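# Structure at a glance
Spelled out, the chains give:
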Amino acid sequence: MEQADYLHEELIRKRRTYKSLMWVGLLSVIMLFAGLTSAYIVRQAEGNWLYFAMPTSFYWSTFFIVLSSATIFPIARFAKAGNRKMVSYSLLATFALGIAFTYSQFSGWDELVAAGVFFAGTESNASGSFLYVITGAHLAHLAGGLFALIFSWIKNALGKYDSENYTGLELTAMYWHFLDLLWIYLLLFLVYIR
């Protein structure tokens, strides 16, 4: 076997390994949120549940994160074509939309406080506390996604990705799409399971 063939096979094996590890990580996040949403349902059934309108900023959050999935979607195609400039634009646009998502989440929490829905304290209720925990846990995972976007952008700027080696970009996009789908699930859950 020639050296080039060996390196290609090694790259394919690493790509499979990294993707498998990503799936394991995503499954653990799914289990975390399945536990949180299950606890929400169980606690809601006990009564003393405060019903309130979902902050409008959370709908803006949805718009931003869905749009960000669209901006990162073609990243592997750009990398395969060796178009580092478009990879960079894709990562920066996704990062900017991720920041917009983060801002709208904090705005949503401000709306909740203005409506008298608190995380903790004498005026708090379990329904509000669950909302803060669930959305806060998602936001913490999104912070990891923002870090991955920055890291990928730096690696791209340093020329570490090419038409053969772009696994890091695929994993970043995969995680970001997962965050998008997770947020949509959480929003629908919080809106309809009342």
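A brief look at the structure comes next. (Residues numbered from 1 in each chain as written. Predicted model: local features only at pLDDT ≥ 70, side-chain atom pairs only at ≥ 80, totals over all residues. Heavy atoms only, no water.)

### Topic: the overall build of the protein
Applicable threshold: Helix and strand assignments follow DSSP, with helices taken as H or I runs no shorter than four residues and strands as E runs no shorter than two, numbered in order from the N terminus. Residue exposure (1.4 Å probe, protein chains only): buried if accessible area is under 20% of the type maximum, exposed if over 50%, otherwise partly exposed. Any pair of residues with heavy atoms lying within 4.5 Å of one another is described as a contacting pair. Using the Shrake-Rupley algorithm and a 1.4 Å probe, accessible areas are obtained, with residue cover drawn only from the displayed protein chains. Neither His nor the chain ends contribute to the count of charged residues, in which Lys and Arg are positive and Asp and Glu negative. The atoms used to mark charge sites are NZ of Lys, CZ of Arg, CG of Asp and CD of Glu.
When its secondary structure is counted, the protein shows six helices and zero strands. Ordered by position from the N terminus, the helices and strands of the protein form the series α-α-α-α-α-α. Per-residue burial for the protein yields a buried fraction of 43% across its 194 residues. Taking all contacts inside the protein whose residues are at least 6 apart in sequence as the whole, residues at least 24 apart take part in 83%. Accessible area of the protein: about 10600 Å², with a carbon and sulfur share of 68%. Charge separation in the protein, taken as the distance between the mean sites of 13 positive and 12 negative side-chain charges, equals 5 Å.

### Quick look at the packing of helix α2 (residues 56–72) against helix α6 (residues 167–192)
The criterion, for reference: Axis lines are fitted through C-alpha atoms, for helices just across the contact stretch, and the angle between N-to-C directions can take any value from 0 to 180 degrees. Here roughly perpendicular refers to angles of 65 to 115 degrees, roughly parallel to angles under 35, roughly antiparallel to angles over 145, and oblique to all remaining angles. The hand of a helix crossing depends on one turn: near helix anticlockwise from the far one by less than a right angle means left-handed, and clockwise means right-handed.
Following both chains from N to C, one finds α2 and α6 inclined at 155 degrees, their axes separated by 10 Å at the closest point. Judged on the interaxial angle alone, α6 and α2 are roughly antiparallel. As for how α2 packs across α6, the hand of that crossing is left-handed. In this structure, α2 uses F58, Y59, S61, T62, I65, V66, S68, S69 and I72 to contact α6, whose residues at the interface are T172, A173, W176, H177, L179, D180, W183, I184, L187 and V191.

### Thoughts on the packing of aromatic side chains
Put simply, the rule reads: Classification of ring pairs uses Phe, Tyr and Trp, with its six-membered ring standing for Trp, and accepts pairs whose centres are within 6.5 Å; under 30 degrees between planes counts as stacked, over 60 as edge-to-face, and the remaining range as tilted.
For the structure on display, the rule yields 14 aromatic pairs. Between Y40 and W49, the aromatic rings sit 5.0 Å apart at their centres with planes inclined by 85 degrees, giving edge-to-face as the arrangement. Relative accessible area serves as the criterion here: at 4%, Y40 is assigned to the buried category. Considering the side-chain rings of Y40 and F189, the 5.0 Å spacing of their centres and the 65 degrees angle between planes classify their relative orientation as edge-to-face.

### Concerning the pattern of salt bridges
Put simply, the test is: The rule for a salt bridge is simple: a side-chain nitrogen of Lys or Arg has to be within 4 Å of a carboxyl oxygen of Asp or Glu.
Within the structure shown, the criterion is met by three salt bridges. R15 is the partner of E170 in a salt bridge, and the nearest nitrogen-oxygen pair spans 3.4 Å. With E170 in helix α6 and R15 in helix α1 (residues 3–45), this residue pair connects regions lying 155 residues apart in the sequence. The partner of K19 in a salt bridge is E170, and the shortest N-O contact between them spans 3.6 Å.

### Describing the side chain of N125
Note the following rule: Two N or O atoms count as a polar contact when they lie within 3.5 Å, although within protein this holds only if one can serve as hydrogen donor and the other as acceptor, and sequence-adjacent residues are included solely when both atoms are side-chain atoms.
On the secondary structure map, N125 appears in the loop between α4 (84–114) and α5 (126–157). In terms of polar contacts, N125 uses its side chain to reach the backbone carbonyl oxygen of N48, at 3.1 Å. Here L50 takes part through its backbone nitrogen, which lies 3.2 Å from a polar atom of the side chain of N125.

### Thoughts on the nonpolar core
Here is a general trend for soluble globular proteins: nonpolar side chains tend to be buried in one another's company. Counted only if it meets this: The term nonpolar core refers to a set of buried residues drawn from Ala, Val, Leu, Ile, Met, Phe, Trp, Tyr and Cys, joined through side-chain atoms within 4.5 Å.
Membership of the largest hydrophobic core comes to 50 residues, with the highest contact counts inside it found for L142 and L169. Going through the elements one at a time, α1, α2, α3 (75–80), α4, α5 and α6 are the ones with two or more residues in this core. No other element matches α6, which puts 14 residues into this core. If near-sequence neighbours (up to four positions away) are discounted, L142 is found in contact with I65, G98, F101, T102, W176 and L179.

### Topic: unusual backbone geometry
Excluding glycine, a negative phi dihedral is what most residues carry, and trans is how most peptide bonds are arranged. Despite not being glycine, N48 has its phi angle at roughly 55 degrees, a positive value. Summarising the element assignment, N48 is placed in the loop between α1 and α2. Residue classification places N48 among the exposed positions, given a relative accessible area of 62%.

### A word on the environment of T17
Turning to its location among the elements, T17 is positioned in helix α1. Sequence separation of T17 and N165 is 148 residues, and the distance between their C-alpha atoms is 14 Å. Within the local environment of T17, its side chain forms a polar contact with the backbone oxygen of R13, the two atoms lying 3.0 Å apart.

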